[in-house]
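Structure at a glance
Spelled out from the first residue to the last, the chains are:
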Amino acid sequence: QVQLVESGGGAVQAGGSLRLSCVVSGSAFDIADMGWFRQAPGDQRELVARMAPGGTTKYADSVKSRFTISRDSRQKTVTLQKNSLKPENTKIYYCDMKYRNGFELWGRGNQVTVSE
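Described in the following lines is the structure provided in the data block. Treat the numbers as computed from the prediction; the structure is a model and nothing was measured. (Residues numbered from 1 in each chain as written. Predicted model: local features only at pLDDT ≥ 70, side-chain atom pairs only at ≥ 80, totals over all residues. Heavy atoms only, no water.)

As for the nonpolar core
The tendency in soluble globular proteins is for nonpolar side chains to be buried as a group. Rules: By nonpolar core is meant a set of buried Ala, Val, Leu, Ile, Met, Phe, Trp, Tyr and Cys residues that side-chain atoms within 4.5 Å join together. For each residue, the accessible area found with a 1.4 Å probe, counting protein chains only, is set against the maximum for its type, and the residue is called buried under 20%, exposed over 50%, and partly exposed in between. The helix count covers DSSP runs of H or I at least four residues long, the strand count covers runs of E at least two residues long, and both are numbered beginning at the N terminus. Any two residues having at least one pair of non-hydrogen atoms within 4.5 Å are treated as being in contact.
Core analysis: the largest hydrophobic core is formed by 29 residues, its most contacted members being Trp36, Val48, Ile69, Leu80, Tyr93 and Met97. Listing elements by their share of this core, those giving two or more residues are strand 3 (18-25), strand 4 (31-39), strand 5 (46-51), strand 7 (67-72), strand 8 (77-82), strand 9 (91-99) and strand 11 (110-115). Excluding residues that lie within four positions of it along the chain, Tyr93 makes contacts with Glu6, Leu20, Trp36, Phe37, Arg38, Val48, Phe67, Leu80, Lys82, Gly109, Asn110 and Val112.

Examining the environment of Tyr59
Applicable threshold: Under the rule applied, a polar contact is a pair of N or O atoms within 3.5 Å (in protein, one hydrogen donor and one hydrogen acceptor; residues adjacent in sequence only if both atoms are side-chain atoms).
Mapped onto the elements of the fold, Tyr59 is located in strand 6 (residues 57-59). Residues contacting Tyr59, with those up to four places away along its chain left out, are Val48, Ala49, Lys64, Phe67, Thr68 and Ile69. Looking at Tyr59, its side chain comes within polar contact range of the main-chain nitrogen of Ile69, at 2.9 Å.

What about the pairing of strand 9?
The condition is simple: Any two strands between which DSSP finds at least two bridges are classified as paired.
Summarising burial for strand 9: 7 of the 9 residues are buried, a large majority. Note: strand 4 against strand 9, 7 bridges, orientation antiparallel. Residue Trp36 lies in a different strand from strand 9, and its bridge partner there is Cys95. Pairing between strand 9 and strand 11: 3 bridges, direction antiparallel. From the neighbouring strand, Ile92 faces strand 11, where its bridge partner is Gln111. Pairing of strand 9 with strand 10 (residues 104-106), which is carried by 3 bridges, proceeds in the antiparallel orientation. Among the inter-strand pairings, Met97 is bridged to a residue of strand 10, identified as Leu105.

A closer look at the pattern of salt bridges
To be explicit about the condition: The term salt bridge refers to a pairing of a side-chain nitrogen on Lys or Arg with a carboxyl oxygen on Asp or Glu at a separation within 4 Å.
Counted under the stated rule, the structure contains 6 salt bridges. With its nearest N and O atoms 3.4 Å apart, the salt bridge here joins Arg50 to Asp33. Taken as a pair, Arg50 in strand 5 and Asp33 in strand 4 lie far apart in primary sequence, 17 residues in all. Accessibility expressed as a relative area gives 30% for Arg50, which makes it partly exposed. Taken together, the salt bridges that share partners define one network made up of Arg38, Glu46 and Lys91.

Everything listed is a geometric property; what it means functionally is a separate question.
Below, the structure written as structure tokens:
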């Protein structure tokens, strides 16, 4: 069974950095986009960043220049380096993987808390 295993969340002060990692556990083929979403209580889940197999990236406007997504397709990992964190970045971050056939898989989520 394929699962997405996330790590790297936690608590940090404003201005600090965190690095989230996601590893595909199990045999997975024909992977398309991999990326990260986030969600606060009562809000919709929103895209943070994603990367296509060829390296094309898309970021939410609010994180451009502060967050960087990277991906290792051979090892089936995706990471999100988050710098200059702000209190409003306090949310649960979810790893996301899409297959080429459109099927989508989510990680369990990692809490990120940024204090003043």
